Amino acid sequence: MTAKGGATPSPGGAGAAAGTGRLFTVGLVTAWYSSNIGVLLLNKYLLSNYGFKYPIFLTMCHMSACALLSYTAIAWLRIVPMQLVRSRVQLAKIAALSLVFCGSVVSGNVSLRYLPVSFNQAVGATTPFFTAVFAYIMTVKRESWITYLTLVPVVTGVVIASGGEPSFHLFGFIMCIGATAARALKTVLQGILLSSEGEKLNSMNLLLYMAPIAVIFLLPATIFMEDNVVGVTIQLAKKDFTIVWLLLFNSCLAYFVNLTNFLVTKHTSALTLQVLGNAKGAVAVVVSIMIFRNPVSITGMLGYTLTVIGVILYSESKKRSNKP
C-alpha cells in the first residue's frame, strides 16, 4: 500500500498492458500488410486474369469508396477530428494533389494489365529516387552525397530486373514508371503546398477532400476513354454477379489501405512504416508469384534484391542525416 492508502501498480498488470499493446500493433501491421497486398493482387486479378479491362473505372470505384468511408469514419465514427478547408487557395492545392494522385493510381492500375505484380513492385521500389529528384528540382533541397550514392543500386537493380523479366512489356513498364514518379511527386507537392501550420491536414482528412475531387476528375475520363463501361459491367453482372462483389470488396479494401496506413503510423512511427514498407514489397512479390505463377528469372530476382538493398541503405542514410 502507498502512504495515501492506494495500491501500488501491479508489475503483472503493467506487463499485461504492454503485451496487449504489442498484440494491437502486430494486428495493425498485419491488417496493413493484408490490405496493401490484397488490393494489389485483386487489382491484378480483375484487370488481367478476370479480363475487366477498365483501370480508370476501377480507380473511380476506389475513390468513391474512399470518399464515402472517409466521411463515415471522420464525421460519424470520429476516428480523427475533422479538419476544415480554410480557403479556396487551400482547396485548389488539394485539387492539384488529387489530380497527381489520380494519375499515379490510374497509371499503376494500367501497368497491372501488362506486368506481373513482382515486376510492378520492383519498379515501384524506385520511389525514393524520384522523390529525391523532385525534391531537388522543386525545393533545391540537397541531400548528402552518401544519400545520392545509395540511389545507384536502386536504379541499377530495376535496370537489371527489366533485362531479366520474362514478361516485360514496354507500355506497361512506362505506365509503372509514371505511377511511381507521380506517387513521389505527390509526396513532394504535399510537403510544399500544405506546409504551413494553418494548412496541414492529417492523411485521413486529406483523403476525405481528395477522394471526391478525384471522382470528379475520373468520371469524364471514364466516360470518354472507357466506352460503355457501365453497360459492360451490368452485362458481366448478369452473367456472373461475382464481379459486383469483387468490385465492392476491392473498393473497400482500397480505403482500408489508407486507414491502416494512418493507424500504423500513429501507433508506431513514420520510420517504422518505411521499414515495414520495404519488407512489404518483398512479401508482395513472393505471394504474387505463388498465386499467379508468373515466370521469374534469376536475373530479375537479383535485380529486385539489389533495388531493395538500395532502398534500405537510402532509408538508413536519410535517418542519419536527419539526426540533430
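Residues numbered from 1 in each chain as written. Predicted model: local features only at pLDDT ≥ 70, side-chain atom pairs only at ≥ 80, totals over all residues. Heavy atoms only, no water.

S.K.: Is there a simple way to explain the packing of aromatic side chains in this structure?
M.R.: Here a ring pair, both rings aromatic, is described through the centre-centre distance and the interplanar angle of the planes. Using the criterion set out here, one finds 11 aromatic pairs in the structure. Where Phe168 meets Phe173, the ring centres are 5.4 Å apart and the plane angle is 45°; that geometry is what we call tilted. Residue Phe168 is classed as partly exposed on the basis of its relative accessible area, which comes to 35%. Relative accessible area serves as the criterion here: at 18%, Phe173 is assigned to the buried category. Ring geometry for Phe241 and Trp245: centres 5.9 Å apart, planes at 75°, overall edge-to-face. (Phe/Tyr/Trp six-rings, centres within 6.5 Å; stacked < 30°, edge-to-face > 60°. Buried < 20%, exposed > 50% of the residue type's maximum accessible area, 1.4 Å probe, protein only.)

S.K.: Even after reading the chapter, I still don't get the side chain of Gln90, so can you show me in this structure?
M.R.: If you trace the backbone, Gln90 turns up in helix 3 (residues 88–114). For Gln90, a relative accessible area of 1% corresponds to the buried category. A polar atom in the side chain of Gln90 sits 3.1 Å from the backbone oxygen of Glu199. If we ignore the near neighbours within four places in the chain, the residues touching Gln90 are Leu84, Val85, Leu194, Gly198, Glu199 and Leu201. (Helix = DSSP H or I, 4+ residues; strand = E, 2+ residues; numbered from the N terminus. Polar contact = N/O pair within 3.5 Å; in protein donor to acceptor, adjacent residues only side chain to side chain. Contact = heavy atoms within 4.5 Å.)

S.K.: What exactly am I supposed to notice about empty space enclosed by the protein here?
M.R.: One water molecule sets the probe size; rolling that probe over the atoms shows where empty space is left. Per the stated rule, a full pass over the model turns up 1 cavity of 30 Å³ or more. Put simply, the largest cavity is a space of about 90 Å³. Lining the largest cavity are Ser118, Phe119, Ala122, Ala161, Gly164, Glu165, Pro166, Val296, Ser297, Gly300, Met301 and Tyr304. Here the lining of the largest cavity is composed, by residue class, of 7 nonpolar, 4 polar and 1 charged. (1 Å grid on protein atoms, 1.4 Å probe; cavity = no way out; pocket = protein on both sides within 12 Å on 5 of 7 lines; lining within 4 Å. Points joined across faces, edges and corners; volume = space filled by probe spheres on them. Nonpolar A, V, L, I, M, F, W, Y, C, P; charged D, E, K, R; others polar.)

S.K.: How should I be thinking about the side chain of Ser251 in this particular structure?
M.R.: Looking at where Ser251 falls in the secondary structure, it is placed in helix 10 (residues 242–267). Of the residues examined, Ser251 reaches a relative accessible area of 6% and is grouped as buried. Within the structure, Ser251 has its side chain in polar contact with the backbone oxygen of Leu247 (distance 2.7 Å).

S.K.: Which parts of the structure should I look at to understand the packing of helix 3 against helix 7 (residues 170–193)?
M.R.: If you want to describe how two helices pack, look at the angle between their axes and the distance between the axes. Direction vectors running N to C along helix 3 and helix 7 enclose 160°, while the axes themselves pass 7 Å from each other. As summarised for this structure, helix 3 and helix 7 are arranged roughly antiparallel, according to the angle between their axes. As for how helix 3 packs across helix 7, the hand of that crossing is left-handed. (Axes fitted to C-alpha atoms, helices over the stretch in contact; angles between N-to-C directions. Parallel < 35°, antiparallel > 145°, perpendicular 65-115°, else oblique. Left-handed = near helix turned anticlockwise from the far one by under 90°.)

S.K.: Even after reading the chapter, I still don't get the pattern of salt bridges, so can you show me in this structure?
M.R.: It is possible for side chains of opposite charge to pair when their charged atoms get near one another. This model, assessed by the stated rule, comprises 2 salt bridges. A salt bridge links Lys200 to Glu197, with the shortest nitrogen-to-oxygen separation between them at 3.3 Å. Note on Lys200: relative accessible area 43%, which makes it partly exposed. (Salt bridge = Lys/Arg side-chain N within 4 Å of Asp/Glu carboxyl O.)

S.K.: Whenever I open this one, helix 7 confuses me. Can you help?
M.R.: Every α-helical turn comprises 3.6 residues, leaving residues that sit three or four positions apart pointing alike. Between its terminal C-alpha atoms helix 7 stretches 34 Å, which fits the 34 Å expected from 24 residues at 1.5 Å a residue. If you check which residues of helix 7 are buried, you get Gly172, Phe173, Cys176, Ala179, Thr180, Ala181, Ala182, Ala184, Lys186, Val188, Leu189 and Leu193. Where helix 7 is buried, its residues meet helix 3, helix 4 (117–124), helix 5 (127–139), helix 6 (145–163) and helix 8 (203–225). (Expected span 1.5 Å × (residues − 1).)

S.K.: Looking at this structure, how should I read the confidence of the model for the chain?
M.R.: Note: predicted coordinates in regions of low pLDDT should not be interpreted at a detailed level. Chain-level statistics for the chain give a pLDDT mean of 88 and a share of 92% at 70 or above. Between the elements of the chain, mean pLDDT differs from a low of 79, seen in helix 11 (residues 270–292), to a high of 97, seen in helix 2 (residues 55–76). (pLDDT = per-residue confidence, 0-100.)

S.K.: Explain the environment of Gln190 here, please?
M.R.: Positionally, Gln190 belongs in helix 7. Spatially, the C-alpha atoms of Gln190 and Leu201 are 9.7 Å apart, while their sequence positions differ by 11 residues. In this view, Gln190 contacts Leu97, Ser195 and Leu206; residues no more than four positions away in its chain are not counted.

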